[in-house]
Amino acid sequence: MTDASPCTDRECDGGPGWSAVPAAAGAGMTVSTSYFAFEGDRLAYTRQGSGSPVLFFSNMGSTKEAWVLQAEALRHKFEVICLDHIGLGESDIPATPYSVEKYATMLSAFIDHLDVEKISVVGNCMGSAMMLLLADRRPEKFDRLFLINPASAQTLRRSVLFGGPSRVLTRFSRVIIAASRLFWLPKIFGRIAVALQYGPRGWRRGMVHRLPGAAAIEATLNTRGRTTASLVYTSDAADDMQC
């Protein structure tokens, strides 16, 4: 499958099709970023190596740079694809309201755009949940799923970190999400977010030494409106995603 005409910023065709265009590599990356556009919104991703395709899809609040060590280790045997969630990293902040169902449709189109017969997925949290949703709808497109801590109503409500906040988000989601479009978080929250993902045995090291992806996540959280995606999908998962 060949790429359509390049598009910049929000100049994509806005229709049901897509286009992709190479872009400058993100901070700290050694591989260029490409963009997949669907109905006017773009997903940022990297693609390197050759062999059976493996897609790495992070949790909400993280970015594709979190997988740089895995990509480096596997790109000699596999085609490694790392994807930014909509609204995060180098992906667009949507012009239209967020929706899990719309996002699932967009991700399904992205899988088709990759033009592979089957794909394996390594997902974390919301990345796991979205790919599990797609695999249930389109099992013929997936080879293997490696799912880390899939987000669901049950897992979020039982979480020590997100249990309380998810209940507040579900109850006051519209107000909180609207307010989040006006604010950003200090960069230190990016380092904390990465460190906490390493659990009780690794988070201290993450606070002392900047871990893979920390710089990109810090930049994401420090951008006005970027926290909205995490809040919306966390709210939806806490409300009705059954994984």
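Please refer to the structure higher up on the page.
My aim in this report is to walk through the structure given alongside it, one point at a time. Owing to the predicted nature of the structure, the values given are computational and were not obtained by experimental measurement.

1. A word on the nonpolar core
A general trend in soluble globular proteins is that nonpolar side chains are found buried together. Within the largest apolar cluster, 32 residues are counted, with the highest numbers of intra-cluster contacts made by Leu-43, Leu-55, Tyr-103, Leu-107, Phe-110 and Ile-119. Secondary structure elements with two or more residues in this core: strand 2 (33–38), strand 3 (41–48), strand 4 (52–57), strand 5 (78–83), helix 2 (100–113), strand 6 (119–124) and helix 3 (126–137). Of all the elements, helix 2 adds the most residues to this core, at 8 residues.

2. Comments concerning the packing of helix 2 against helix 3
Here helix 2 crosses helix 3 at 70 degrees, and the two axes come no closer than 10 Å. In terms of their interaxial angle, helix 2 and helix 3 are classed as roughly perpendicular. In this structure, helix 2 meets helix 3 at a crossing whose hand is right-handed. Counted together, Val-100, Glu-101, Tyr-103, Ala-104, Leu-107, Ser-108 and Ile-111 of helix 2 and Met-130, Met-131, Leu-133, Leu-134 and Arg-137 of helix 3 form the full contact between these two elements. Looking at the contact of helix 2 with helix 3 residue by residue, the classes come out as 9 nonpolar, 1 polar and 2 charged.

3. Re the pattern of salt bridges
One pass over the full model with this rule turns up 11 salt bridges. For Glu-90, the salt bridge is made with Lys-64, and the minimal N-O distance between the two is 2.6 Å. Highlighted residues: Glu-90 in the loop between strand 5 and helix 2 and Lys-64 in the loop between strand 4 and helix 1 (68–74), separated in sequence by 26 residues. Salt bridges sharing partners connect three or more residues here, namely Lys-64, Glu-65, Asp-84 and Glu-90.

4. Some words on the environment of Phe-57
In this fold, Phe-57 is placed in strand 4. Through-space distance from the C-alpha of Phe-57 to that of Ser-128 is 7.3 Å; in sequence the pair is 71 residues apart. In this view, Phe-57 contacts Trp-67, Leu-83, Asp-84, His-85, Tyr-103, Leu-107, Val-122, Gly-123, Asn-124, Gly-127, Met-130 and Met-131; residues no more than four positions away in its chain are not counted.

5. Here we look at the packing of aromatic side chains
Evaluation of the coordinates by the stated rule reveals 4 aromatic pairs. Ring centres 5.1 Å apart and planes at 75 degrees place the aromatic pair Tyr-45 and Phe-110 in the edge-to-face group. Residue Tyr-45 is located in strand 3, and its partner Phe-110 is located in helix 2; the two are separated by 65 residues in the primary sequence. The pair Tyr-45 / Phe-110 is uniform in exposure class, with both members buried. Centre to centre, the rings of Phe-56 and Trp-67 are 5.0 Å apart; their planes meet at 45 degrees, and the pair counts as tilted. Of this pair, Phe-56 sits in strand 4 while Trp-67 sits in the loop between strand 4 and helix 1, and the two are 11 residues apart along the sequence. Taken as a pair, Phe-56 and Trp-67 share a single burial class, namely buried. Linked through ring pairs, Phe-36, Phe-38, Tyr-45 and Phe-110 together constitute an aromatic cluster. Stacked on the ring of Tyr-35, the Lys or Arg Arg-42 has its end atom at 4.0 Å from the ring centre.

Conventions adopted
Residues numbered from 1 in each chain as written. Predicted model: local features only at pLDDT ≥ 70, side-chain atom pairs only at ≥ 80, totals over all residues. Heavy atoms only, no water. Core = buried A, V, L, I, M, F, W, Y, C linked by side-chain atoms within 4.5 Å. Buried < 20%, exposed > 50% of the residue type's maximum accessible area, 1.4 Å probe, protein only. Helix = DSSP H or I, 4+ residues; strand = E, 2+ residues; numbered from the N terminus. Axes fitted to C-alpha atoms, helices over the stretch in contact; angles between N-to-C directions. Parallel < 35°, antiparallel > 145°, perpendicular 65-115°, else oblique. Left-handed = near helix turned anticlockwise from the far one by under 90°. Contact = heavy atoms within 4.5 Å. Nonpolar A, V, L, I, M, F, W, Y, C, P; charged D, E, K, R; others polar. Salt bridge = Lys/Arg side-chain N within 4 Å of Asp/Glu carboxyl O. Phe/Tyr/Trp six-rings, centres within 6.5 Å; stacked < 30°, edge-to-face > 60°. Lys NZ or Arg CZ within 6 Å of the ring centre and 35° of its normal.

Functional significance is not addressed by these values, which are geometric in nature.
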